[in-house]
Every structure is written in structure tokens, then in C-alpha cells.
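Now for the letters of each chain:
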Amino acid sequence: MKITVCGVDLAKEVFQFHGVNAAGKVEKRIQLRRGKVMEFFANMAPCLIGMEACGSAHYWARQLQSLGHTVKLIAPQFVKPYVKTNKHDAADAEAICEAVQRPSMRFVPIKNIEQQAILAVHTARAGFVKQRTAQANQIRGLLAEFGLIVPKGLALLKERVPTLLDEAKDELPGAFRQTILELLDHLNVLDKRVKQFELEIQNWHRSNSMSQRLEKIPGIGPITASALVAAIGNAKHFANGRQLAAWLGLVPKQHSTGGRTNLLGISKRGDTYLRTLLIHGARAVIRHAANKIKQDWLHSLLSRRHKNIAAVALANKNARTVWALLAHDREFRVDYAAA
């Protein structure tokens, strides 16, 4: 009998293959070197291939799909329950093969090259932002050791550090002053890199109609909109807006039993980067809404709950709005009311 379903445990160099036939009997277990993977699958009849959604998974999924195979990606936490014994490559491949056949299994949509490219820009930008923040905090900490305090804010740091060094030049050693100036130069370089990546994101945003559509939602700007479009892809993979919000970790975590429902804080599952962008955007809306007199859903929520809770609630609402716009190909309307 021919192989109809197989599981592949991805790695850098040695891949583990586990294939079964239509009756569920094991047909082949084999290790594949990276350079032999495409040749091996090119000589196989089209079948269902399961892989964990890990590094290089989307690349291999696209490559194997080009050979006529059906490829499905599974989140690693959904594969773990099917590992029967100690963890090793053969057991992992068998578990993947078993998990991909489950009718209720949830799969990760396969990203195309354009999605991965813009997400790479977002990742690079986030890394430089983290380095910039760390560098700014280091400069503040070193200055504080000499009694020089700089207010919060990157702009104030760049503006006031040279002035502070000039004012205290008679009290500070030359080596320390030179060190701070070099660190400040490094901070400016990091800031320049961040702005370059933001410009690339802006350019991609202007060329993508879906991203421009999401930008109209209060609390979502070009960076958040482009990240959402690239990460979500086809919104119809989600049945409704709540599924998208749950995928982002914005819904309550449950610990219910015996018919008693117990809702905890947000689950924080899914993409931390997207969730952070949505919540920070919601905070900006709340800060702006404080100056308005109009009584709406947000003002009513702020009147009885803490701002942090309101920010997560608004981020949850925005995530559902994002799904509605992408799944139904609609434009955002402030005065929209469901039938």
C-alpha cells in the first residue's frame, strides 16, 4: 500500500519522516538529510504531510505544496499530547503523523513569501527598539551614578545629555564624558535604524489595500495594520471575530468545572507582538478619549473599570473589527450598527 499520511519532524540538517498507509499501518520511518528532502518527496505520490509550525516550516510547506502534496502545519503544543514515550525525533514525527489526522485538529495557515518578508521587517524593527530602550536606560543609569538625572523620553535624553555633560565637565572625568558621548552616538545609530525600518513598513502599508483599510480603525496605525495583515493572511480561516481575538490571547482564560464557569485574566496566548501593538493602540485611544465629553461604550466602560482592563477590552473589540473587515471585505464605519 502507498503512503497516504506522513509526519515530518523538521530540523536544521536531519529531518525525521514517519509515513502510514490508508489503514494506519506504518510504511516507512527514515531520516532525511536536508539536501535530500525535495528529491524524496518528489518521488512520492501526493499525500497529506503534517509538520510543526516552527522555524522554516512555512518555507518547507510551500516547497512541498509545489510538488502536489497537501501540507498542514500544527502548533507544537497540540502535537505534544500525542507523543507516546520519551521525546526524540522518531517519536515526534509519529506524534505529528497522528495529530494531523485528527478531525478536530486546528492548523496554522501557511504564510506566503510577502507575508514572511514584511514580518521579518517587523521583527528587525522590534529588535532595534529593544536595543534602543536598553541603551537609553544604560545611559540614564550611568549618569545617575554621578547625580545627573534625565527626564523620561528619548527626545529629552538626546537633547539634555550633551548639556549636562558640558555643565558638569569640571566635576566629571574625561573618560566618563567620552564614554557617555559614544553611547549617545550608538543610541542615535539605533534610532536611525528603527526609523529606516518604519519607513519600509510605511511603504508596504501604502501599497496594500487591506492594511490601509485597517488603519481607519481607532487605535490601529500603519505598523499595527501591516503586522495584522501579514500575520493573519486569510481571515476566513477563523470562523468569527472571537476566534481571532482568542488566537491573539485577548480573551479570558477559563478554569471551569462541574458546570461552574470561572473566567480568569486574558490568556496571553498567540502572538505577543500583535497583542502588544493592539493594547498600546487601545491605550492611545483611551488617553485621547479622556478629553471628550461624548458618552459611548468606551466612556461607559472607563466609568466602572480600570484603564488597563478597558485597554484590553478595546483591543479585543478592535481584533473582532479587524476580522469583520478582512473576512467580509468591508470598509470601517464609525456609525456602523449590526442588524
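Residues numbered from 1 in each chain as written. Predicted model: local features only at pLDDT ≥ 70, side-chain atom pairs only at ≥ 80, totals over all residues. Heavy atoms only, no water.

1. As for the overall build of the protein chain
Put simply, the test is: Numbering goes from the N terminus for both helices and strands, where a helix is a DSSP run of H or I of at least four residues and a strand is a run of E of at least two. Our radius of gyration looks at C-alpha atoms and nothing else; its globule reference is 2.2 Å times the residue count to the power 0.38. Partly exposed describes any residue whose relative accessible area lies between the buried limit of under 20% and the exposed limit of over 50%, with all areas from a 1.4 Å probe on protein chains only and scaled to the type maximum. We call two residues contacting when some pair of their heavy atoms lies within 4.5 Å. Accessible surface area values rest on a Shrake-Rupley calculation with a 1.4 Å probe, where residue burial reflects the displayed protein chains alone. Note on charges: Lys and Arg go in the positive column, Asp and Glu in the negative column, and His and the chain ends are not counted at all. By convention, charge coordinates are those of NZ in Lys, CZ in Arg, CG in Asp, or CD in Glu.
Scanning the protein chain for helices and strands turns up 13 helices and 7 strands. A compact globule built from 339 residues should have a C-alpha radius of gyration of about 20 Å, whereas the protein chain, at 25 Å, is more than 25% larger. The dimensions of the protein chain, computed from C-alpha atoms along their principal axes, are 85 × 60 × 45 Å. For the protein chain, buried positions account for 39% of its 339 residues. Long-range pairs, those at least 24 residues apart, make up 53% of the contacts in the protein chain with a sequence separation of at least 6. Total accessible area computed for the protein chain in this model is approximately 19,700 Å², and 52% of it derives from carbon and sulfur atoms. Within the protein chain, one finds 49 positive and 27 negative side-chain charges whose respective centroids are separated by 9 Å.

2. Looking at the packing of aromatic side chains
Heads up, the condition is: Working definition: a ring pair exists when centres of Phe, Tyr or Trp rings (six-membered ring for Trp) sit within 6.5 Å. Plane angles under 30 degrees give stacked, over 60 give edge-to-face, the rest tilted.
What the rule picks out here adds up to 8 aromatic pairs. The interplanar angle of 70° and the centroid separation of 5.0 Å between the aromatic rings of Phe17 and Phe40 together place this pair among those described as edge-to-face. Taken together, the residues span a long stretch of sequence, with Phe17 in strand E2 (residues 14-20) and Phe40 in helix H1 (residues 37-42) at a distance of 23 residues. The exposure class assigned to Phe40 is buried, which follows from its relative accessible area of 15%. Arranged with centres 4.1 Å apart and planes meeting at 40°, the rings of Phe146 and Phe176 form a pair that is tilted. A residue pair is termed long-range when its members are at least 10 positions apart, and Phe146 in the loop between helix H5 (113-144) and helix H6 (154-167) and Phe176 in helix H7 (residues 174-206) qualify at 30 residues. When its relative accessible area of 41% is taken as the criterion, Phe146 is described as partly exposed. Accessibility expressed as a relative area gives 12% for Phe176, which makes it buried.

3. Overview of the sheet that holds strand E1 (residues 5-9)
To keep things clear, this is the line we draw: The pairing criterion is simple: DSSP has to find at least two bridges between the two strands. Whenever a helix is involved, its axis is fitted only over the stretch in contact; in every case the axis is a line through C-alpha atoms, and angles between N-to-C directions fall within 0 to 180 degrees.
Read across the open sheet, the 5 strands follow the order E3-E2-E1-E4-E5; overall the sheet is mixed. With one partner strand each, in any of the chains shown, strand E3 (26-33) and strand E5 (70-74) form the two edges of the open sheet. Each strand axis lies, on average, 20° off the axis of its neighbour in the sheet, ignoring direction. Where E2 and E3 come together, 7 bridges link them in antiparallel fashion. Looking at the pairing, Gln16 lines up with Gln31 of E3. Sheet contacts for helix H4 (residues 89-99): E1, E2, strand E4 (48-52) and E5; angle to E1, the most-contacted strand, approximately 140°.

4. Observations regarding the UniProt feature "domain: Transposase IS110-like N-terminal" (unreviewed entry) in the protein chain
Stated formally: UniProt positions are given in the numbering used here, feature names are shortened, and annotations may be inferred rather than shown by experiment.
Per the UniProt record, "domain: Transposase IS110-like N-terminal" (unreviewed entry) is annotated on residues 6-145. Structurally, residues 6-145 comprises 44% helix and 21% strand, and the distance from its first C-alpha atom to its last is 61 Å.

5. Let's talk about the domain arrangement of the protein chain
Where we set the bar: For each domain, the first and last residues come from an automatic or database assignment. When two parts are put together, the accessible area they lose, computed with a 1.4 Å probe and summed over both, is reported as buried area. Whenever Lys or Arg places a side-chain nitrogen within 4 Å of a carboxyl oxygen from Asp or Glu, that contact is recorded as a salt bridge. Within 3.5 Å is the distance limit for a polar contact, defined as a pair of N or O atoms, with the added protein rule that one can donate a hydrogen and the other accept it, and that residues adjacent in sequence qualify only through two side-chain atoms. Note on residue categories: nonpolar means Ala, Val, Leu, Ile, Met, Phe, Trp, Tyr, Cys or Pro, charged means Asp, Glu, Lys or Arg, and polar means any other residue, Gly included.
Structurally, the protein chain comprises domain 1 (5-108), domain 2 (113-207) and domain 3 (218-328). Taking the mean C-alpha position of each, domain 2 and domain 3 sit 30 Å from one another. Each partner contributes to the interface: domain 2 provides 11 residues, whereas domain 3 provides 11 residues. Between domain 2 and domain 3, a total of about 880 Å² is buried, with carbon and sulfur atoms accounting for 71% of that surface. Our enumeration of links across domain 2 and domain 3 arrives at 0 salt bridges. The interface formed by domain 2 and domain 3 includes 3 residue pairs in polar contact (both at pLDDT 80 or more). When contributions to the side of domain 2 that touches domain 3 are tallied by element, the ones reaching two or more residues are H5 and H7. When the residues that make up the side of domain 2 that touches domain 3 are grouped by side-chain class, the tally is 5 nonpolar, 4 polar and 2 charged.

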